[in-house]
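# Chains, contacts and geometry: an overview
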Amino acid sequence: MTSDLVLAVSGPATGRPVLVLHGGGGPATVAPIAEHFAASALALLPTHPGWNGTPRPDGLTRIADLAIGYLRVLRDRGLSDVLVVGSSLGGWIGAEMAAADTEGLISGLALVDAVGIEVEEEPVRDFFALDARGVATYAYYDSERFYVAPEDLPAERRAAMAGNMAALRLFAGGPAMADPSLRARLAQVATPALVLWGEADRIVTPAYGSAYAAAFENARFATVPQAGHLPHLERPERTFALLDAFAAETRRA
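Residue positions are given per chain, counting from 1 as you read along its sequence in written order. Where local features are concerned, this predicted model is filtered to residues with pLDDT of at least 70; where side-chain atom pairs are given and counted, the filter is 80 or more; whole-chain, interface and lining totals use all residues. Heavy atoms from the whole structure form the basis of all side-chain values; hydrogens and water molecules are not counted.

### A short note on the overall build of the protein
What counts as a helix is a DSSP run of H or I of at least four residues, what counts as a strand is a run of E of at least two, and both are numbered from the N terminus. Assigned secondary structure in the protein consists of ten helices and seven strands. The principal-axis extent of the C-alpha atoms belonging to the protein is close to 50 × 35 × 35 Å. Categorising residues by exposure relies on relative accessible area from a 1.4 Å probe, with only protein chains included: less than 20% of the type maximum marks a residue as buried, more than 50% marks it as exposed, and the intermediate range marks it as partly exposed. Within the protein, the fraction of its 253 residues that count as buried is 52%. Contacts were defined at the residue level, with two residues in contact if any of their heavy atoms lie within 4.5 Å. Pairs at least 24 residues apart make up 80% of the contacts formed inside the protein by residues separated by at least 6 positions. Working note: accessible area of the protein is about 10700 Å², and carbon and sulfur atoms make up 51% of it. Using a 1.4 Å probe, accessible areas were evaluated by the Shrake-Rupley method; residue-level cover was limited to the displayed protein chains.

### Remarks on the nonpolar core
Buried Ala, Val, Leu, Ile, Met, Phe, Trp, Tyr and Cys residues that are joined via side-chain atoms within 4.5 Å together make up what is termed a nonpolar core. With 58 residues, the main nonpolar core has Tyr70, Met97 and Tyr212 as its most contacted residues. Ranked by residue count, the leading element in this core is helix H2 (residues 63-76), at seven residues. Once you skip the residues sitting within four places of it in the chain, methionine 97 turns out to touch Leu19, Leu21, Ala67, Tyr70, Leu71, Leu74, Val84 and Ile106. Grouped together as the second largest cluster of nonpolar side chains are 25 residues, Val30, Leu194, Phe240 and Phe246 included.

### Description of the pattern of salt bridges
By salt bridge we mean one thing: a side-chain nitrogen of Lys or Arg within 4 Å of a carboxyl oxygen of Asp or Glu. Within the structure shown, the criterion is met by seven salt bridges. In this structure, aspartate 81 engages arginine 16 in a salt bridge whose closest nitrogen and oxygen atoms are separated by 3.6 Å. Linking aspartate 81 in the loop between H2 and strand S4 (82-87) with arginine 16 in the loop between strand S1 (6-10) and strand S2 (17-21), this pair joins segments that are 65 residues apart in sequence. Comparing aspartate 81 with arginine 16, the two get one shared label, buried. A salt bridge links arginine 75 to glutamate 103; the nearest nitrogen and oxygen atoms lie 2.6 Å apart. Residue arginine 75 is located in helix H2, and its partner glutamate 103 is located in the loop between helix H3 (89-100) and strand S5 (106-112); the two are separated by 28 residues in the primary sequence. With a relative accessible area of 39%, arginine 75 lands in the partly exposed category. Here the residues in one salt-bridge network are Glu96, Asp179 and Arg185, joined through shared partners.

### Describing the sheet that holds strand S3 (residues 42-47)
Note on sheets: strands pair through backbone hydrogen bonds, and any given pair is parallel or antiparallel. Reading across the sheet, the seven strands line up as S1-S3-S2-S4-S5-S6-S7 and stay open at both edges, with mixed pairing between neighbours. Strands with a single pairing partner mark the edges of an open sheet, and in this sheet they are S1 and strand S7 (219-224). Mean inter-strand twist for the sheet, computed between neighbouring axes without regard to direction, equals 20°. When DSSP finds two or more bridges between two strands, those strands count as paired. Note: S2 against S4, four bridges, orientation parallel. Across the sheet, the residue bridging to valine 20 is valine 85, located in S4. Between the N-to-C directions of two axes lies an angle of 0 to 180 degrees, each axis being a line fitted to C-alpha atoms and, for a helix, fitted only over the stretch in contact. Relative to S2, H2 is tilted by about 155°, and along the sheet it contacts S1, S2, S3, S4 and S5. The strands touched by helix H8 (residues 206-215) are S5, strand S6 (193-198) and S7; relative to S6, the strand with the most contacts, the crossing angle is about 175°.

Below is the structure:
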(Lines give C-alpha, C1' and ligand atoms only; values in the text may rest on other atoms or scores of the structure.)
Protein backbone atom coordinates (compact mmCIF):
# COMPACT_ATOMS: atom_id res chain seq x y z
CA MET A 1 0.00 0.00 0.00
CA THR A 2 2.72 2.49 0.92
CA SER A 3 4.35 2.47 -2.52
CA ASP A 4 1.06 3.23 -4.29
CA LEU A 5 -0.29 5.71 -1.74
CA VAL A 6 -1.16 9.23 -2.88
CA LEU A 7 -0.23 11.37 0.11
CA ALA A 8 -0.40 15.16 0.36
CA VAL A 9 1.93 16.55 3.03
CA SER A 10 1.90 20.17 4.21
CA GLY A 11 2.97 22.27 7.16
CA PRO A 12 6.23 22.49 9.12
CA ALA A 13 8.28 19.30 9.23
CA THR A 14 8.90 19.82 12.94
CA GLY A 15 5.23 20.17 13.80
CA ARG A 16 3.17 17.48 15.47
CA PRO A 17 2.01 14.97 12.85
CA VAL A 18 -1.71 15.07 12.08
CA LEU A 19 -3.09 12.32 9.86
CA VAL A 20 -6.39 13.37 8.27
CA LEU A 21 -8.52 10.52 6.91
CA HIS A 22 -11.34 11.19 4.48
CA GLY A 23 -14.68 9.49 4.09
CA GLY A 24 -16.58 8.31 1.03
CA GLY A 25 -16.59 11.71 -0.64
CA GLY A 26 -12.81 11.72 -1.05
CA PRO A 27 -9.98 13.94 0.23
CA ALA A 28 -11.64 17.20 -0.84
CA THR A 29 -14.21 16.75 1.93
CA VAL A 30 -11.53 16.96 4.64
CA ALA A 31 -9.04 19.27 2.91
CA PRO A 32 -10.13 22.18 5.16
CA ILE A 33 -9.12 20.15 8.23
CA ALA A 34 -5.68 19.43 6.77
CA GLU A 35 -5.26 23.08 5.75
CA HIS A 36 -6.23 24.21 9.24
CA PHE A 37 -3.66 22.02 10.96
CA ALA A 38 -0.96 22.74 8.39
CA ALA A 39 -0.57 26.21 9.88
CA SER A 40 1.36 24.70 12.80
CA ALA A 41 1.46 20.92 12.32
CA LEU A 42 2.75 18.38 9.83
CA ALA A 43 -0.52 17.55 8.08
CA LEU A 44 -0.76 14.31 6.13
CA LEU A 45 -3.77 13.87 3.85
CA PRO A 46 -3.79 10.54 2.02
CA THR A 47 -6.17 9.51 -0.75
CA HIS A 48 -7.40 6.04 0.12
CA PRO A 49 -6.54 3.49 -2.58
CA GLY A 50 -9.43 3.30 -5.04
CA TRP A 51 -10.58 6.90 -4.56
CA ASN A 52 -10.13 9.58 -7.21
CA GLY A 53 -8.83 6.97 -9.65
CA THR A 54 -5.89 5.95 -7.46
CA PRO A 55 -4.62 2.35 -7.75
CA ARG A 56 -5.88 -0.26 -5.29
CA PRO A 57 -3.88 -3.47 -4.81
CA ASP A 58 -6.04 -6.55 -5.32
CA GLY A 59 -5.71 -7.74 -1.74
CA LEU A 60 -6.71 -4.40 -0.22
CA THR A 61 -10.44 -4.74 0.42
CA ARG A 62 -11.09 -4.18 4.13
CA ILE A 63 -11.02 -1.20 6.49
CA ALA A 64 -8.62 -3.17 8.70
CA ASP A 65 -6.25 -3.42 5.71
CA LEU A 66 -6.25 0.36 5.35
CA ALA A 67 -5.67 0.81 9.08
CA ILE A 68 -2.64 -1.47 9.08
CA GLY A 69 -1.34 0.25 5.96
CA TYR A 70 -1.57 3.70 7.51
CA LEU A 71 0.14 2.53 10.70
CA ARG A 72 2.93 1.28 8.44
CA VAL A 73 3.10 4.72 6.81
CA LEU A 74 3.56 6.35 10.22
CA ARG A 75 6.21 3.79 11.19
CA ASP A 76 8.10 4.08 7.91
CA ARG A 77 8.21 7.87 8.25
CA GLY A 78 9.41 7.64 11.84
CA LEU A 79 6.36 9.53 13.14
CA SER A 80 5.01 9.37 16.68
CA ASP A 81 2.76 11.52 18.90
CA VAL A 82 0.35 11.43 15.95
CA LEU A 83 -3.08 12.99 16.08
CA VAL A 84 -5.44 11.04 13.82
CA VAL A 85 -8.54 12.88 12.60
CA GLY A 86 -11.04 10.74 10.69
CA SER A 87 -14.29 11.80 9.05
CA SER A 88 -17.08 9.27 8.44
CA LEU A 89 -15.40 6.22 6.87
CA GLY A 90 -12.07 7.82 7.78
CA GLY A 91 -13.17 7.71 11.40
CA TRP A 92 -13.73 3.98 11.08
CA ILE A 93 -10.18 3.63 9.73
CA GLY A 94 -8.87 5.75 12.59
CA ALA A 95 -10.68 3.64 15.19
CA GLU A 96 -9.20 0.48 13.68
CA MET A 97 -5.76 2.10 13.71
CA ALA A 98 -6.07 2.92 17.41
CA ALA A 99 -7.17 -0.65 18.16
CA ALA A 100 -4.15 -2.05 16.29
CA ASP A 101 -1.56 0.50 17.47
CA THR A 102 0.65 -1.69 19.64
CA GLU A 103 3.60 0.75 19.39
CA GLY A 104 1.86 3.82 20.78
CA LEU A 105 2.33 5.88 17.63
CA ILE A 106 -1.05 7.58 18.04
CA SER A 107 -1.50 9.98 20.96
CA GLY A 108 -4.94 11.32 20.07
CA LEU A 109 -7.90 10.13 17.99
CA ALA A 110 -10.61 12.51 16.76
CA LEU A 111 -13.64 10.91 15.12
CA VAL A 112 -15.90 13.24 13.16
CA ASP A 113 -19.34 11.68 12.52
CA ALA A 114 -17.67 8.31 12.11
CA VAL A 115 -19.15 5.01 11.02
CA GLY A 116 -17.77 1.57 11.86
CA ILE A 117 -19.59 0.17 14.90
CA GLU A 118 -22.93 -1.55 15.25
CA VAL A 119 -25.58 0.28 17.27
CA GLU A 120 -28.75 -1.73 16.84
CA GLU A 121 -31.12 0.98 18.00
CA GLU A 122 -29.44 3.64 15.80
CA PRO A 123 -28.42 1.98 12.50
CA VAL A 124 -26.44 3.82 9.86
CA ARG A 125 -28.76 5.11 7.14
CA ASP A 126 -28.46 3.23 3.85
CA PHE A 127 -26.28 5.78 2.06
CA PHE A 128 -26.24 3.71 -1.13
CA ALA A 129 -30.03 4.00 -1.46
CA LEU A 130 -29.94 7.81 -1.52
CA ASP A 131 -29.84 10.00 -4.61
CA ALA A 132 -28.01 13.32 -4.62
CA ARG A 133 -31.00 15.16 -3.15
CA GLY A 134 -31.33 12.53 -0.43
CA VAL A 135 -27.65 12.77 0.47
CA ALA A 136 -27.95 16.54 0.86
CA THR A 137 -31.14 16.21 2.91
CA TYR A 138 -29.79 13.67 5.38
CA ALA A 139 -26.15 14.74 5.53
CA TYR A 140 -26.44 18.52 5.95
CA TYR A 141 -28.16 20.96 8.25
CA ASP A 142 -28.45 23.42 5.34
CA SER A 143 -29.16 21.02 2.49
CA GLU A 144 -29.86 23.71 -0.10
CA ARG A 145 -26.44 25.23 0.40
CA PHE A 146 -24.66 21.96 -0.38
CA TYR A 147 -26.93 20.26 -2.90
CA VAL A 148 -25.52 20.07 -6.41
CA ALA A 149 -27.59 18.51 -9.17
CA PRO A 150 -25.57 15.72 -10.83
CA GLU A 151 -26.52 16.95 -14.29
CA ASP A 152 -24.79 20.26 -13.52
CA LEU A 153 -21.45 18.54 -12.96
CA PRO A 154 -18.91 17.87 -15.74
CA ALA A 155 -18.74 14.28 -16.99
CA GLU A 156 -15.30 13.66 -15.50
CA ARG A 157 -16.52 14.73 -12.07
CA ARG A 158 -19.53 12.42 -12.27
CA ALA A 159 -17.21 9.56 -13.29
CA ALA A 160 -14.91 10.25 -10.34
CA MET A 161 -17.88 10.27 -7.96
CA ALA A 162 -19.07 6.94 -9.33
CA GLY A 163 -15.61 5.47 -8.81
CA ASN A 164 -15.50 6.78 -5.25
CA MET A 165 -18.91 5.26 -4.55
CA ALA A 166 -17.70 1.88 -5.83
CA ALA A 167 -14.65 2.07 -3.56
CA LEU A 168 -16.84 3.05 -0.62
CA ARG A 169 -19.16 0.11 -1.23
CA LEU A 170 -16.20 -2.28 -1.42
CA PHE A 171 -14.51 -1.19 1.79
CA ALA A 172 -17.69 -0.56 3.77
CA GLY A 173 -18.98 -4.04 2.95
CA GLY A 174 -22.57 -2.88 2.56
CA PRO A 175 -25.02 -0.27 3.88
CA ALA A 176 -24.47 -1.15 7.55
CA MET A 177 -20.92 0.29 7.29
CA ALA A 178 -19.76 -1.57 10.39
CA ASP A 179 -17.51 -4.29 11.73
CA PRO A 180 -19.54 -6.21 14.33
CA SER A 181 -16.39 -6.80 16.39
CA LEU A 182 -15.13 -3.22 16.54
CA ARG A 183 -17.31 -1.84 19.33
CA ALA A 184 -16.09 -4.43 21.83
CA ARG A 185 -12.46 -4.02 20.78
CA LEU A 186 -12.54 -0.27 21.41
CA ALA A 187 -12.87 -0.93 25.13
CA GLN A 188 -9.18 -1.90 25.07
CA VAL A 189 -8.08 1.37 23.44
CA ALA A 190 -6.43 3.65 26.00
CA THR A 191 -5.65 6.42 23.49
CA PRO A 192 -7.63 9.59 24.31
CA ALA A 193 -10.47 10.09 21.86
CA LEU A 194 -12.71 12.99 20.89
CA VAL A 195 -15.95 11.88 19.25
CA LEU A 196 -17.30 14.97 17.51
CA TRP A 197 -20.75 15.08 15.92
CA GLY A 198 -22.97 17.40 13.94
CA GLU A 199 -26.27 17.70 15.78
CA ALA A 200 -28.26 17.53 12.53
CA ASP A 201 -26.55 14.44 11.11
CA ARG A 202 -29.17 11.97 9.89
CA ILE A 203 -26.72 9.59 8.19
CA VAL A 204 -25.33 8.60 11.58
CA THR A 205 -27.25 10.22 14.40
CA PRO A 206 -25.83 11.92 17.49
CA ALA A 207 -27.19 8.98 19.51
CA TYR A 208 -24.97 6.69 17.41
CA GLY A 209 -22.06 9.03 18.12
CA SER A 210 -22.73 8.95 21.84
CA ALA A 211 -22.64 5.14 21.74
CA TYR A 212 -19.35 5.35 19.82
CA ALA A 213 -17.79 7.52 22.53
CA ALA A 214 -19.04 5.20 25.26
CA ALA A 215 -17.28 2.26 23.61
CA PHE A 216 -13.84 3.75 24.36
CA GLU A 217 -12.02 3.64 27.68
CA ASN A 218 -11.12 7.33 27.47
CA ALA A 219 -13.34 9.39 25.18
CA ARG A 220 -15.30 12.62 25.22
CA PHE A 221 -18.40 13.29 23.13
CA ALA A 222 -19.01 16.78 21.75
CA THR A 223 -21.58 18.16 19.32
CA VAL A 224 -21.62 20.95 16.78
CA PRO A 225 -24.97 22.76 16.46
CA GLN A 226 -26.45 23.62 13.07
CA ALA A 227 -24.23 21.07 11.35
CA GLY A 228 -24.70 17.62 9.88
CA HIS A 229 -22.39 14.82 8.75
CA LEU A 230 -19.52 17.16 7.81
CA PRO A 231 -19.50 19.78 10.58
CA HIS A 232 -16.10 21.08 9.48
CA LEU A 233 -17.73 22.28 6.26
CA GLU A 234 -20.89 23.76 7.78
CA ARG A 235 -19.52 25.12 11.09
CA PRO A 236 -15.73 25.23 10.73
CA GLU A 237 -15.05 27.67 13.59
CA ARG A 238 -16.80 25.53 16.22
CA THR A 239 -15.36 22.31 14.80
CA PHE A 240 -11.80 23.60 14.64
CA ALA A 241 -12.04 25.04 18.16
CA LEU A 242 -12.94 21.60 19.51
CA LEU A 243 -10.21 19.91 17.47
CA ASP A 244 -7.59 22.46 18.54
CA ALA A 245 -8.43 22.06 22.21
CA PHE A 246 -8.20 18.29 21.90
CA ALA A 247 -4.90 18.54 20.04
CA ALA A 248 -3.46 20.70 22.81
CA GLU A 249 -4.68 18.29 25.50
CA THR A 250 -3.21 15.19 23.90
CA ARG A 251 0.15 16.43 22.64
CA ARG A 252 2.97 14.66 24.43
CA ALA A 253 5.55 16.75 26.23
